[in-house]
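# Examination of the molecular architecture
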Amino acid sequence: MTAEVLCVGSELLLGNITNANARWIAEQLAALGVPHQRQMVVGDNRERLMAEVRQAAGRCRVLITTGGLGPTPDDLTTEAIAAAFEVLITTGGLGPTPDDLTTETIAAAFETPLVEHPEIWAEIQARLSARGRICSPSNRRQAFLPEGAAVLPNPTGTAPGMIWSPVPGFTVLTFPGVPSEMKAMWQQTAAPWLRQSGLAAGVFASRMLRFWGVSESALAEEMADLLEQANPTVAPYAGAGEVKLRITARAEHQADAEALLLPVEREIRRRTGQSCFGVDEQSLAEVVLQQLRLRGQTVAVAESCTGGGLGAALAAVPGASDVFLGGVIAYANGVKQGLLGVPAELLQAHGAVSDPVAQAMAEGARRVTGADWGLAITGVAGPGGGSDEKPVGLVHLAIAGPDGCSSEGVRFGTSRGRTWIQTLSAGEALNRLRLQLA
């Protein structure tokens, strides 16, 4: 039993939106033990969509589509779809506008009339009224489902989905394209249904180990023997300054799959030491905040070239306010002097991008907030503003703490642009504090 994900929408091909739904659904299928071997993206083109669905019919028995375009009667016959697939899961196209065609299209594919559900219409009116929104006649379209379909409740939005078996052995589950709504409905309905459906071939368990300060190639070489394993498998992923290793195990029962992960994780941690900073969804900021929390200490930041990115990373962690006191975005030299107390003579003698100024900024952040630790970043993020002495990509990072202050210049290069330099600067500052707190 294998699954494929077919993502429909020209906006995906054009890069206007990130295909987050497909990634999330893939993770959920893996966790449920439903093998997933291929992802495809096709634009809003009827002929190309038909071709992709027909090709998928020869490869898999579970097709999950994201987007509002389902098969019409002249795309694939009801018999062909039912023979090729056991489950069809769609996201998108459940709204009230004329281009939201998923429900109507699927009903038409099986020559089934739509039937109004008064309880859905009443709930839609109540939700819109509670939000102070006018309920337009077009919203009533969302209360119509194919005859015989069961309502798939939407706890956070107005567009309900459905679960429907139009022919024996074939079930349709529809979800809205809004990620938060789709996830809530998936967890309440699709996941339990898939667990009971008999589609899963065993159970998967996975763990993501996260690293900073090591390249993907170096990590892959160090783990070469582990990357060759069949069960558990180990796979590397690279990000913005961060590298990840995903460990995935498969077994008949969840506990057995999770037990297979443990010795591999222990071996990876033994080989990598402190470069492994977290697991699964843990961020550098979350790890640093927890370290400070355990010490009963606080942190503040002073930023120039990152423009608030470091503070934003810390503030993104729920509950950060008990440890993260605040920060200063000191882009101009006058702000560095006026708010952080950076001496004018330091700026004149060394320039804003220098160790002495970074240190003064970090100490200033501690002083004005009363924090135990101060982090400071000042650099040349580009694309202009660099010189032979201080090229684009040069960033000075300072840490001020109870035992003193230190700073170092780091060269991040220019090949990946301004945002890349800013992201790496914030991450590197957090990682240096993490290591100092360890």
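Before any of the text, the structure's been laid out above.
Residues numbered from 1 in each chain as written. Predicted model: local features only at pLDDT ≥ 70, side-chain atom pairs only at ≥ 80, totals over all residues. Heavy atoms only, no water.

## Focus on the pairing of strand E10 (residues 203-212)
To be explicit about the condition: Partly exposed describes any residue whose relative accessible area lies between the buried limit of under 20% and the exposed limit of over 50%, with all areas from a 1.4 Å probe on protein chains only and scaled to the type maximum. Under the scheme used here, helices are H or I runs from DSSP no shorter than 4 residues and strands are E runs no shorter than 2 residues, and both carry numbers assigned from the N terminus. Strand pairing is assigned whenever DSSP identifies at least 2 bridges connecting the two strands.
Buried residues dominate E10, accounting for nine of its ten residues. Across ten bridges, the pairing between E10 and strand E12 (residues 242-251) is antiparallel. For Ala205, the partnering residue across the bridge sits in E12 and is Ala249. Looking at chain direction, E10 and strand E13 (residues 276-279) are connected through three bridges and run antiparallel. Considered in E13, the bridge of Leu209 is made with Val279.

## Some words on the packing of aromatic side chains
Here is the rule: Only centres within 6.5 Å qualify two rings of Phe, Tyr or Trp (six-membered ring in Trp) as a pair; their planes then separate them into stacked at under 30 degrees, edge-to-face at over 60, and tilted for everything else.
Applying the stated criterion across every chain yields a total of two aromatic pairs. Pairing Trp24 with Trp186 gives two aromatic rings, centres 6.1 Å apart and planes at 80 degrees, and the pair type is edge-to-face. You can see Trp24 sitting in helix H2 (residues 20-32) and its partner Trp186 sitting in helix H7 (residues 179-197), a full 162 residues away along the chain. There is no split in this pair, since Trp24 and Trp186 are both buried. Both rings, one in Phe175 and one in Trp186, keep their centres 6.0 Å apart while their planes meet at 40 degrees; by these two values the pair is tilted. Of this pair, Phe175 sits in strand E9 (residues 170-175) while Trp186 sits in helix H7, placing them eleven residues apart in sequence. On the basis of relative accessibility, which here comes to 1%, the residue Trp186 falls in the buried class.

## Section: the sheet that holds strand E18 (residues 404-411)
For clarity, the cut-off: Orientation is described by lines fitted to C-alpha atoms, with helices fitted over the stretch in contact, and by angles between N-to-C directions that extend from 0 to 180 degrees.
If you trace the five strands from one edge of the open sheet to the other, you get E15-E14-E16-E17-E18, paired in mixed fashion. The two strands at the open ends of the sheet, each matched to only one other strand, are strand E15 (324-329) and E18. In this sheet, adjacent strand axes meet at a mean angle of 15 degrees when their direction is disregarded. Note: strand E14 (residues 299-303) against strand E16 (residues 373-379), five bridges, orientation parallel. Its bridge partner being in E16, Val301 is matched across the sheet by Leu375.

## Focus on unusual backbone geometry
Residues Asn231 and Pro232 are joined by a peptide bond in cis, for which omega reads 5 degrees. Position of Pro232 relative to the elements: it lies in the loop between helix H9 (224-227) and strand E11 (233-238).

## A word on the pattern of salt bridges
Definition in use: Put simply, a salt bridge is a Lys or Arg side-chain nitrogen that is within 4 Å of an Asp or Glu carboxyl oxygen.
Summed over the entire model, instances satisfying the criterion amount to 14 salt bridges. Note that Arg246 and Glu27 form a salt bridge whose closest N and O atoms lie 3.9 Å from each other. Separated by 219 residues along the polypeptide, Arg246 in strand E12 and Glu27 in helix H2 bring together distant segments of the chain. With a closest N to O distance of 2.7 Å, Glu267 and Arg270 form a salt bridge. Here Glu267 pairs with Arg270, and both are found in helix H10 (residues 254-272), just three residues apart, close to one helical turn. For Glu267, a relative accessible area of 22% puts it in the partly exposed group. Salt bridges linked by common partners bring Asp225, Glu267, Arg270 and Arg271 together as one network.

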